[in-house]
Amino acid sequence: MFTNLNTNPEKKPRLLGPLGELSHAKVSSSDFKYVKETEIFGQAEPAEYIYQVIEGAVRSHKLLPDGRRQIGAFHLPGDIFGFENGAFHRFTAEAIVDTIVRLVKCQSLEREAKNNPAIIQNLLKMTTDNLEHVENHLMLLGRQSARERVGAFLLEMHGRLKSTGVMALPMARRDIADYLGLTLETVSRELSAYQRERCLRLAGPLLREITVINPAGLAELGRARG
């Protein structure tokens, strides 16, 4: 289920980061609110929009031939997603929690880009940011041990959520496992191990509230004990 927020006159378009530079251009865009677990777009559907998370969190995933799910990315507030090098989406995108997403029509961007070099520069910046994230994820999957993968993921979220205290992860452990290419049991075991080693503290009803006590130790233990 989703709601078009532009029907509410009190809801004004909000743009973050590089996409904010497009706010004065004649670009067609809308805000939508997606309820938790709602699909935003599906694999193989036409790629007509690019998307920005305003509030909440989104996961992009693909089903493998054996039925397993591989999560390619988690998109947090400010992140851009939905870029494609073809006419169709290669992944499915879903709201992890209740999420507000800004949709920008690709045709509108392309039309304005012909007359506005700044738009081309911003699109290039957004594209390179996405490529950097993909490269970081590939490096993460290339780590040899489960301990290293979980530790690197926690440090990634610690930085991306800009946490200075308790880090509230929007994603479940099953999501983390499918992102890291691990089992649910392995992720739970490694989180508990990091807590015993006093690198972090788990709290909350679902143990998603994480306080990173020792970021340097988190990285070091992941390398040493993997």
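Relevant structure appears above.
Our subject in this report is the structure included herewith. (Residues numbered from 1 in each chain as written. Predicted model: local features only at pLDDT ≥ 70, side-chain atom pairs only at ≥ 80, totals over all residues. Heavy atoms only, no water.)

## Describing empty space enclosed by the protein
Applied cut-off: Throughout, the protein atoms alone are placed on a 1 Å grid, and a set of points is a cavity if a 1.4 Å probe fits but cannot get out or a pocket if it is open with protein on both sides within 12 Å along at least five of seven lines; lining residues have an atom within 4 Å of a point. Grid points are joined across faces, edges and corners, and a volume is the space filled by probe spheres set on the points. For this scheme, ten residues count as nonpolar: Ala, Val, Leu, Ile, Met, Phe, Trp, Tyr, Cys and Pro. Four count as charged, namely Asp, Glu, Lys and Arg, and the remainder, Gly too, count as polar.
With the rule as written, the count across this model stands at one cavity of 30 Å³ or more. Here the largest cavity defines a volume of roughly 40 Å³. When its residues are assigned to classes, the lining of the largest cavity shows seven nonpolar, no polar and two charged.

## Re the sheet that holds strand β10 (residues 166–168)
Under the convention used in this document: If DSSP finds at least two bridges between two strands, the strands pair. Note on conventions: DSSP H or I runs of at least 4 residues are helices, E runs of at least 2 residues are strands, and numbering of each starts at the N terminus. An axis is simply a line fitted to the C-alpha atoms; with a helix, the fit covers only the stretch in contact. Between two such axes, the angle follows the N-to-C directions and lies from 0 to 180 degrees. Whether two residues touch is decided by their heavy atoms; if any such pair falls within 4.5 Å, the residues are in contact.
If you walk across this open sheet you meet the three strands as β10-β12-β11, and the pairing is antiparallel. The open sheet has two free edges, formed respectively by β10 and β11 (200–203), since each of these has just one partner strand. Within the sheet, the average angular offset between the axes of one strand and its neighbour, ignoring direction, is 25 degrees. One ladder, built from three bridges, connects β10 with strand β12 (residues 209–212); its direction is antiparallel. Each bridged residue has a counterpart across the sheet, and for Val166 the counterpart in β12 is Thr211. This element, helix α3 (residues 146–160), spans β10, β11 and β12 of the sheet and lies at about 100 degrees to β10.

## Here we look at the packing of aromatic side chains
This is how it is decided: Pairing of aromatic rings covers Phe, Tyr and the six-membered ring of Trp, with a centre-to-centre limit of 6.5 Å; geometry is then stacked below 30 degrees between planes, edge-to-face above 60, and tilted otherwise. Only protein chains enter the accessibility calculation, which uses a 1.4 Å probe; a residue whose area is less than 20% of its type maximum is buried, one above 50% is exposed, and one in between is partly exposed. Sitting over a ring, as applied to charges here, requires NZ of Lys or CZ of Arg to be within 6 Å of the ring centre and within 35 degrees of the ring normal.
The full count for this structure, using the stated rule, is eight aromatic pairs. Relative to Tyr34, the ring of Phe32 has its centre 6.4 Å away and its plane inclined at 40 degrees; by these criteria the two rings are tilted. Of the two residues examined, Phe32 and Tyr34, each falls in the buried class. Both rings, one in Tyr51 and one in Phe81, keep their centres 5.2 Å apart while their planes meet at 20 degrees; by these two values the pair is stacked. Remark: Phe81 occurs in strand β7 (residues 80–81) and Tyr51 occurs in strand β4 (residues 49–55); sequence separation between them is 30 residues. Each member of the pair, Tyr51 as well as Phe81, is classed as buried. Within the aromatic cluster, the residues linked to one another by ring pairs are Phe41, Tyr49, Tyr51 and Phe81. Sitting above the plane of the Phe91 ring, Lys62 keeps its charged end 4.8 Å from the centroid.

Function cannot be read off these values alone, since they describe shape.
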